[in-house]
Amino acid sequence: MRPKGASAAAWSQLGAAVEALGQRRTPELFAAEPDRVERMSLEAAGLYLDFSKQRVDAAGLEALWSLAQSAQVTDHLRQQFAGDAVNFTEDRAALHMALRAPRNAHQPPGGPAIAEAVHEVLDRMEAFVHRVRSGAWTGATGEPITDVVNIGIGGSDLGPRMVCEALAEQVRGPRPHFVSNVDATELSRVLAGLRPASTLFVVTSKSFGTAETLANARSARAWLVDALGDAAVAKHFVAVSTAAERVSDFGIDVDNMFGFWSWVGGRYSLWSAVGLSIALSLGMDGFRALLAGAHAMDAHVRDAPPEGNAAVWMALIGIWNTNGLQLPSQVIVPYAQALARVPAYLQQLEMESNGKTVNSDGVAVQQQTVPALWGDVGTNGQHAFFQMLHQGPTALPVDFILPVSLDHGHPDQHRMLIANCLAQSEALMQGKSAGQVREELRSQGLSGQALEDAVPHRVFEGGRPSTTILMSCIDARSLGALLALYEHKVFVQSVVWGINAFDQWGVELGKQLASVIDDELRLAVPGEHDPSTAALLHRIVDGRTAEG
Ligand SMILES: O=P(O)(O)OC[C@H]1O[C@](O)(CO)[C@@H](O)[C@@H]1O
């Protein structure tokens, strides 16, 4: 069953609810609804989610539940867990949940054969991880491996990179490094700190055909071969891929390849062998804890009714903001330095998944789909873009992600971090009226025209929406639950919009054109292009960046 999206009637109900809400701000909603926090917050897989600061009232929530019901969200979730081809343009299942289901799961997503294949690879990973971490696997000269370099891009990079950074304090094994950009500056910087004899490269690519990854892998191999000779490749290169033949063509023995499957989307793949660099650095127990956290969220999303389902809430609140209030972007602010890469990770997850305008019938969707998603850590963001969040022309919804305890030995600083996070969401919601500003200025001794001139600049409109997600701490389990929550949110939204969250045709055209231009640059012969591109190309080929 392809998602048909929510019905026209349900969208109209949403529109009517927005109209009825009018200019009412969230503080007024709190005043009218004494049980708002209880009704608009929930716990799931060790996380606490508070949606009560969103600018939506009871009628709005009713409209959202109708939207979910008319889009048959529950049925689509069931189908996804069953392994139906929810990726309908590529006729594939999207079964990342199978990657984190325990060995003897009662209802393994996609069925028992998939569960068996998944655990076979996990067992192979475990054996390899143990050999590397124990020193039984050595480099070509007999040295143990001290550094692991994951070479991959997009989903073959962002997830493992983000998790390794988030859990850096727990790394007890080889140090993890990541190279993704075709700009070789990144590779050069990483290699500058490493010794070939103790470095293991993990070339991670679902297709093993991604130009950037192959270019970096070739350069890394040249660096290694230069120091240790051709024969060393076998001990210093392993692959993670679904494309055994290409791996072998590259010169990596398929015995040193860890496989996964077409039903694992790139941006949903960190739970597969794509997480090998995580497992090597944290140990297999750490990796399995990540899987367990994600599985706990899967179980919640699978079993909870829509009104108590964290992913359905996240998805519908996002739809309220995007389609109801028509807010153009979604801001992600983790109050945790360790989670600095979460916004970038979610950019791929949300925007590559739902950045679509064509529905399952191949017809343009009537609604806006995914909003632009961006963000940075608190408190840094407060000194950069929060001015706009508080007083800019458009309210932008924020997801605040806050670990309640952090183990860095500076409790006072962590208390300040928490205080800032709560203060920001409170300030965005409450705002500050002209009357309050006047009173404040008067108490500071200002009066007359000077006071009146100052007032408008200091007013905060308020009513600006946010969700707060509390994690008890940053450990593998909580992180797994958090990431799985966003994955399910994305799927539920795609069902309501009636689009496919699991293909990414939009990345292809640029890849094709880059390959043509790359050939022209190599031959220094610009071809036919639009006037702008042609002029740029000629300047570059002629070495004329700017004259004078
Ligand atoms: O793992 P691969 O096949 O190298 O692909 C890397 C990335 O490229 C994309 O196909 C497009 O950006 C992503 O979906 C994917 O995560």
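Bear in mind that the values here come from a model prediction, so they are computed numbers and not experimental data.

A. Quick peek at the sheet that holds strand S3 (residues 147-151). In space, the five strands of this open sheet follow the order S4-S3-S5-S6-S7, with parallel pairing throughout. In the strand order of this sheet, the two ends are held by strand S4 (175-179) and strand S7 (257-259), each with one partner. Each strand of the sheet is rotated relative to its neighbour by a mean of 20°, with strand direction disregarded. Summarising the sheet, strand S6 (residues 237-241) and S7 pair through three bridges and their orientation is parallel. Looking at S7, one finds that Ala-239 is bridged to Met-257.

B. Seen up close, the site of the ligand. Taken together, the neighbourhood of the ligand is formed by 14 residues, with Ser-156, Ser-205, Ser-207, Thr-210 and Glu-352 sitting nearest. Between the ligand and Thr-210 there is a distance of 2.5 Å, counted from an oxygen atom to a side-chain nitrogen or oxygen. For the ligand, an oxygen atom lies 3.2 Å from a polar atom in the side chain of Gln-348. Looking at the shell around the ligand residue by residue, the class counts come to two nonpolar, nine polar and three charged.

C. Region of interest: the packing of aromatic side chains. Under the defined criterion, the tally for this structure stands at 15 aromatic pairs. With a centroid separation of 6.3 Å and an interplanar angle of 45°, the aromatic rings of Phe-237 and Phe-250 are classed as tilted. Placement of Phe-237 in strand S6 and of Phe-250 in helix H11 (residues 244-250) is noted, with a sequence separation of 13 residues between them. For Phe-250, a relative accessible area of 10% corresponds to the buried category. Both rings, one in Trp-261 and one in Trp-263, keep their centres 5.0 Å apart while their planes meet at 0°; by these two values the pair is stacked. Over the aromatic face of Phe-30 sits the side chain of Arg-36, whose NZ or CZ is 5.2 Å from the ring centroid. If you follow Arg-100 out to its NZ or CZ, it ends over the ring of Trp-271, 4.6 Å from the centre.

D. Structural view of helix H20 (residues 476-497). Compared with the 32 Å implied by 1.5 Å per residue over 22 residues, the 32 Å span of H20 between its first and last C-alpha is a close match. Gly-498 lies just past H20 and shows a positive phi near 75°.

E. Main features of the UniProt feature "active site" (unreviewed entry) in the protein. In the numbering adopted here, UniProt assigns the feature "active site" (unreviewed entry) to Glu-352, His-383 and Lys-511. The largest pairwise C-alpha distance within this set of annotated residues, which runs over 160 residues, is 36.6 Å, so the set is dispersed in three dimensions. Mapped onto the fold, Glu-352 is located in helix H15 (residues 342-354). Not counting residues up to four positions away in its chain, the partners in contact with Glu-352 are Arg-267, Gln-347, Asp-503, Gln-504 and Val-507. A polar side-chain atom of Glu-352 sits 2.8 Å from a polar atom in the side chain of Arg-267. One can find Lys-511 in helix H21 (residues 508-523). The exposure class of Lys-511 is partly exposed, given its relative accessible area of 48%.

F. Quick look at the packing of helix H13 (residues 284-303) against H20. H20 packs onto H13 with a crossing angle of 40° between their chain directions and a minimal axis gap of 7 Å. Taken together, the axis directions place H13 and H20 in an arrangement best described as oblique. In the crossing of H13 with H20, the sense of the turn from one axis to the other is right-handed. Of the residues in H20, those in contact with Gly-286, Ala-289, Leu-290, Ala-292, Gly-293, Ala-294, Ala-296, Met-297, Asp-298 and Val-301 of H13 are Ala-476, Arg-477, Leu-479, Gly-480, Ala-481, Ala-484, Leu-485 and His-488.

G. Expanded view of the packing of H15 against H20. Two elements in contact, H15 and H20, have axes whose closest approach is 10 Å; the angle formed by their N-to-C orientations is 20°. Classified by the angle between their axes, H15 and H20 sit roughly parallel to one another. In terms of crossing hand, the pair formed by H15 and H20 is right-handed. The residues of H20 that touch H15, namely those facing Tyr-345, Leu-346, Leu-349, Glu-350, Ser-353 and Asn-354, are Leu-483, Tyr-486, Glu-487, Lys-489, Val-490, Gln-493, Ser-494 and Trp-497. Counted by class, the contact of H15 with H20 contains seven nonpolar, four polar and three charged residues.

What counts and what doesn't
- Residues numbered from 1 in each chain as written.
- Predicted model: local features only at pLDDT ≥ 70, side-chain atom pairs only at ≥ 80, totals over all residues.
- Heavy atoms only, no water.
- Pairing = 2+ DSSP bridges.
- Helix = DSSP H or I, 4+ residues; strand = E, 2+ residues; numbered from the N terminus.
- Axes fitted to C-alpha atoms, helices over the stretch in contact; angles between N-to-C directions.
- Near = heavy atom within 4 Å.
- Polar contact = N/O pair within 3.5 Å; in protein donor to acceptor, adjacent residues only side chain to side chain.
- Nonpolar A, V, L, I, M, F, W, Y, C, P; charged D, E, K, R; others polar.
- Phe/Tyr/Trp six-rings, centres within 6.5 Å; stacked < 30°, edge-to-face > 60°.
- Buried < 20%, exposed > 50% of the residue type's maximum accessible area, 1.4 Å probe, protein only.
- Lys NZ or Arg CZ within 6 Å of the ring centre and 35° of its normal.
- Expected span 1.5 Å × (residues − 1).
- UniProt positions renumbered as here; feature names shortened; annotations may be inferred.
- Contact = heavy atoms within 4.5 Å.
- Parallel < 35°, antiparallel > 145°, perpendicular 65-115°, else oblique.
- Left-handed = near helix turned anticlockwise from the far one by under 90°.

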